[in-house]
Amino acid sequence: MDQTLGDFIKALRNADVRVSSTEVVDAHQVIDLVGYSSRSMLKNALALVLPKTADEKAIYDYTFDRFFKFDELDEMDMADKNQAAGEAGRDPEAGENAGQEGGGQGEGGGGGGQNNMAEAGAGGEGAPGSEDTHEQGEMRERLSALSQMVLSGDRAGLSVAMAEAGEAVGLRNIFIFTQKGLYSRRILEHMGLKALNNDITDLRKRDNANAHELAERLRKGREYLLSQVRDYVEQQFLLHADVDGSHLREDILSKSRLTNIERRDYRMVQEMVRKMAKRLIAIHSRRRKVYDRGALDIRKTMAKNHAYDGVPFDIRWKSVKIDRPKVVAICDVSGSVAKVAHFMLMFLYSLNEVMPKVRSFAFSARMGEVTDLFKDSDVETAMSKTLAEWGQGSTDYGRSLQDFAELALNDIDSRTTVIMLGDARSNYGDPGSEIMKKIYDRSKWVMWLNPEEKNTWNYADSVMRKFQPYCHQVQVCNSLTHLERIVSMVLRSSA
Amino acid sequence: MTLVKPIQGPGGKTDSIEAIQAGFEELGYITNPQIATSIYLAQNLEKPLLVEGPPGVGKTELAIATSKYLGLPLVRLQCYEGLDESKALYEWKYGKQLLYTQILRETLGEVLQGARGLSESMKRLHQFSDVFFSEQFLEERPLMKAMRAPAGAVLLIDELDKADQEFESFLLELLSEYQISIPEIGTIKATIKPIVFLTSNNTRELSDALKRRCLHLYIPFPDTALERRIIAARVPDISVKLRNELVAFIQELRGLDLKKLPAVSETIDWARTLLLLHANTLDADMVRTTLNVILKFQDDIEAVGAQLTTLTNEALKAAERPPGLK
């Protein structure tokens with residue numbers, strides 16, 4: 001497999017573009033066809049195969065431009081050089097004699113047009129003319145390969161060495177930002193930084209002006225090299241790693257208990273919940289049933305009526321009915337479950353956005369309908385209003401279910417799924433299980449989601465055992481993964 | 001851009017991306033490199049091309065232009081909710097089938113004459129060719145027609161997002177294997193693989209399975225330079241000055257918050273309207289009277305009407321600048 005393409009696809013996947021293996025195969029075919037010769041054509045061609053939505057196209061453009069960046073080290077511009085020369089002048093080690101400073105600056109200015117790194121690296125040298133003295137030439141030959149490359153300003157060579165080192169230390173496996181330092185160091189080690197350091201130390205030890213000067217040039221070059229490697233790692237990190245750690249965090253968040261999720265993560269959770277709702281709806285919302293009305297299905301009718309000598313006796317119909325689940329959600333928003341209720345409400349809100357027939361209710365002491373509130377306001381307002389309006393007071397299941405009976409019992413029919421979220425802690429009051437029985441009798445499915453772990457059910461004022469007989473299903477629900485699994489079940493059963 | 005090795009396309013033409021661009025331009029369809037590349041790849045990889053973008057940017061036109069360019073017949077299937085395979089793929093000719101059974105009953109006596117016993121009668125019946133579900137009674141619908149076109153065809157499945165999800169899944173076999181299964185007959189393979197265009201206005205998200213099988217082309221609103229060229233190609237009689245002005249105006253409208261932004265088709269209509277009214281230059285009154293050509297909602301017309309003079313003046317200024325500068 002083409003390594004470059006493979007890396008590029010990995011970078012794309014990292015940037016949240018979904019690339020399936022068939023698309024990878026397609027991409028290879030595209031490259032066989034158009035080749036790597038023209039950048040713009042490659043970009044246009046791959047854009048047809050890899051990203052498949054308008055959003056992904058935008059990400060693709062950005063990633064492509066960064067990935068297929070012209071692979072060379074930064075040119076040091078003139079300002080840098082002047083600065084380097086200036087610094088050299090101020091640096092007591094380098095400024096061996098003051099007369100050289102002017103020469104250095106003059107040269108920096110003159111050499112700017114050529115943008116030659118050797119000069120730039122040698123900015124500290126400040127000597128008129130960047131040619132080595134004969135003695136320096138001899139010294140250079142004894143230096144390590146890396147040192148020689150740095151001194152001669154072999155930018156292409158360094159670039160290649162850097163890429164090779166990156167490959168050797170497995171830079172593309174970088175996945176979190178704290179590894180950046182580690183990988184930079186490994187690359188430098190692989191390139192032979194140690195030898196370079198030794199060279200510098202050796203040169204400095206000598207009692208020789210030329211040697212000192214060469215050491216200084218090497219030091220400058222090393223700094224430049226360090227910054228380039230850092231940039232390179234940074235760039236590769238952005239391409240290959242999970243940049244803001246979002247995948248990792250999403251993974252962790254989806255498994256952690258809802259009560260433990262911090263306020264600052266709410267936004268992210270909200271986004272996850274929305275994604276989840278959308279996914280579930282896409283899977284479940286458009287279930288169809290054959291319906292005994294509509295257009296005549298001649299084929300089926302004829303086949304069926306062969307037995308009756310072709311007389312259309314048993315008539316078949318074509319039309320099918322889209323069956324959308326009807327959901328009634330009741331949510332305890334009292335203090336004890338407030339944190340979970342928050343997510344439940346969030347999810348209800350998302351369901352409301354994509355599903356037409358969700359009625360939502362909230363209760364603690366009394367119960368009220370919040371469907372319209374969810375429809376008309378954005379998620380934050382809807383939730384805070386719900387909590388403010390219905391979240392006061394201690395939980396009273398009996399009273400609340402009574403309210404529910406008045407509000408919506410008549411609306412519950414054999415197509416309705418009822419989701420109840422609560423800890424079933426009724427403060428030793430009447431749980432109102434007879435109303436629960438009515439709901440159970442009328443509806444298609446009743447599901448109770450309890451945020452508490454099973455072993456605390458029926459302990460103290462929890463009256464789960466009173467409700468349990470009137471539920472088709474009872475579930476612990478305290479993480480997003482739970483929530484997703486459960487709602488998927490709801491949608492399947494209610495279809 | 002370098003020239004790609006020429007490859008024999010299904011239409012019998014050798015094509016490079018440049019040739020496609022030039023050929024389409026001759027037909028009055030101005031492409032950018034991206035669109036031309038998509039046609040090139042669709043031809044050479046033999047993959048269906050899914051075209052998305054706002055309404056009126058020339059998604060359907062692209063398929064039509066391709067059919068003209070390649071000299072292949074265009075088979076069009078307009079999608080709508082409730083579309084099923086009997087309308088898209090094939091149908092039996094029920095009337096004829098009924099007649100056939102009637103005839104069969106009458107001739108049954110002849111066939112079975114002299115047969116002794118039930119088993120022999122059955123044997124004879126089996127020898128009798130079974131034509132009830134056969135090609136003779138098969139009514140071709142667009143998809144089948146495109147598959148069996150003798151010289152290949154361009155198949156346009158228009159506004160796929162309007163059809164049901166079930167229909168989308170039904171298309172998968174066709175899109176990946178270029179074959180369709182008819183339970184009564186068997187599998188029919190395309191003689192020459194048609195070039196398939198699918199268009200979508202994004203009223204709903206198409207499934208991943210479908211997207212995986214297609215090349216995906218997104219056509220956005222054109223930029224100023226491209227739109228100028230499009231107008232020049234489609235309304236050649238219009239003066240350069242007026243053309244630049246009206247393109248600038250439309251480009252400005254697209255920056256506003258409107259219910260429905262004017263697309264290329266509206267720009268073309270507007271250019272034709274202005275030409276018909278013998279306009280030489282854009283002025284606020286002229287724009288006001290013809291605003292209903294480019295804006296299709298009363299709310300939008302009112303919103304734009306309020307700032308019409310400013311917009312017109314800015315458009316006049318922008319028209320003089322070369323495209324690309326803001």
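Here the structure is shown first, and the text comes after it.
Fair warning: this is a prediction, and the values are worked out from it, not measured in the lab.

S.K.: Give me the lowdown on the interface of chain B and chain A, citing residues and values where you can.
M.R.: Residue-level contacts link 41 residues of chain B with 34 residues of chain A. Both faces considered, chain B and chain A share a buried interface measuring about 3100 Å² in area, 57% of it formed by carbon and sulfur atoms. Counting across the chain B and chain A interface gives 2 salt bridges. Lys47 of chain B is the salt-bridge partner of Asp26 of chain A, the closest N and O atoms lying 2.9 Å from each other. Applying the counting criterion to the chain B and chain A interface returns 8 residue pairs in polar contact (both at pLDDT 80 or more).

S.K.: Help me get a handle on the packing of aromatic side chains, residues and values and all.
M.R.: Residue and element names in this part refer to chain A. As enumerated under the stated definition, the model contains 16 aromatic pairs over all chains in all. Relative to Phe67, the ring of Phe8 has its centre 5.2 Å away and its plane inclined at 55°; by these criteria the two rings are tilted. Remark: Phe67 occurs in helix H4 (residues 54-67) and Phe8 occurs in helix H1 (residues 3-14); sequence separation between them is 59 residues. Phe67 matches Phe8 in its accessibility class, with the two residues each being buried. Measuring from ring centre to ring centre gives 4.5 Å for Trp448 and Phe467, while their planes differ by 25°; the resulting arrangement is stacked. Here the residue Trp448 occupies a position in strand S7 (residues 445-450), and Phe467 occupies one in helix H22 (residues 464-467), the gap between them amounting to 19 residues. Residue Phe467 is classed as buried on the basis of its relative accessible area, which comes to 0%. Of note, Arg186 hangs over the ring of Tyr183, and the distance from its end group to the ring centre comes to 5.5 Å.

S.K.: Tell me about the packing of helix H13 (residues 284-294) of chain B against helix H14 (residues 298-306) of chain B, and name the residues and values.
M.R.: Each packed pair of helices is defined by two parameters, the angle between the axes and the distance between the axes. All names here are of chain B. At a minimum axis separation of 10 Å, H13 and H14 run at an interaxial angle of 150°. It follows from the interaxial angle that H13 and H14 lie roughly antiparallel. Read as a crossing pair, H13 and H14 show a hand that is right-handed. Residue-level inspection shows Arg288, Leu291 and Asn292 of H13 in contact with H14, the latter providing Ile301, Val304 and Gly305. Along the lines of polarity and charge, the residues of the contact of H13 with H14 split into 3 nonpolar, 2 polar and 1 charged.

S.K.: Would you mind going over helix H10 (residues 224-234) of chain B in detail, with residue names and values included?
M.R.: Because each turn of an α-helix spans 3.6 residues, side chains separated by three or four positions in sequence point in the same direction. Leu226, Glu227, Arg228, Ile230 and Ile231 of chain B are the residues of H10 of chain B that are buried. Buried-residue contacts for H10 of chain B involve helix H11 (240-253), helix H12 (264-276) and helix H15 (308-320) of chain B.

S.K.: An account of unusual backbone geometry is requested, with residue identities and associated values reported.
M.R.: In the Ramachandran plot, Ala424 of chain A falls in the positive-phi region, its phi being about 60° despite a non-glycine side chain. Topologically, Ala424 of chain A is positioned in the loop between strand S6 (416-421) and helix H21 (433-442). With a relative accessible area of 0%, Ala424 of chain A lands in the buried category. For Tyr178 of chain B, which is not glycine, the phi torsion reads 55° and is therefore positive. You can call Tyr178 of chain B buried: its relative accessible area is 4%.

Thresholds, definitions, all that
- Chains are numbered independently. Their residues run from 1 in the order of the written sequence.
- The lettering of chains begins at A and the numbering of ligands begins at 1, in the order of writing.
- Where local features are concerned, this predicted model is filtered to residues with pLDDT of at least 70; where side-chain atom pairs are given and counted, the filter is 80 or more; whole-chain, interface and lining totals use all residues.
- The side-chain quantities take in all heavy atoms of the structure and omit both hydrogens and water.
- Only heavy atoms matter for contacts: two residues are in contact if any of them lie within 4.5 Å across the pair.
- By buried area we mean the combined loss of accessible area, with a 1.4 Å probe, across both parts when two parts are placed together.
- Any carboxyl oxygen of Asp or Glu within 4 Å of a side-chain nitrogen of Lys or Arg constitutes a salt bridge here.
- Within 3.5 Å is the distance limit for a polar contact, defined as a pair of N or O atoms, with the added protein rule that one can donate a hydrogen and the other accept it, and that residues adjacent in sequence qualify only through two side-chain atoms.
- In this scheme Phe, Tyr and Trp rings, the latter by its six-membered ring, pair at centre separations within 6.5 Å, and the angle between planes marks the pair as stacked below 30 degrees, edge-to-face above 60, and tilted otherwise.
- The helix and strand labels rest on DSSP assignments: H or I over at least four residues marks a helix, E over at least two residues marks a strand, and numbering proceeds from the N terminus.
- Residue burial is assigned from relative accessible area. The probe radius is 1.4 Å, only protein chains are included, and a residue is buried under 20% of its type maximum, exposed over 50%, and partly exposed in between.
- Cation placement over rings: the criterion is NZ of Lys or CZ of Arg within 6 Å of the ring centroid and within 35° of the ring normal.
- An axis is simply a line fitted to the C-alpha atoms; with a helix, the fit covers only the stretch in contact. Between two such axes, the angle follows the N-to-C directions and lies from 0 to 180 degrees.
- Angles below 35 degrees are treated as roughly parallel, those above 145 as roughly antiparallel, those between 65 and 115 as roughly perpendicular, and all remaining angles as oblique.
- Each crossing gets its handedness from the near helix: less than a right angle anticlockwise from the far helix is left-handed, clockwise is right-handed.
- Asp, Glu, Lys and Arg are counted as charged, while Ala, Val, Leu, Ile, Met, Phe, Trp, Tyr, Cys and Pro are counted as nonpolar; the rest, among them Gly, fall into the polar class.

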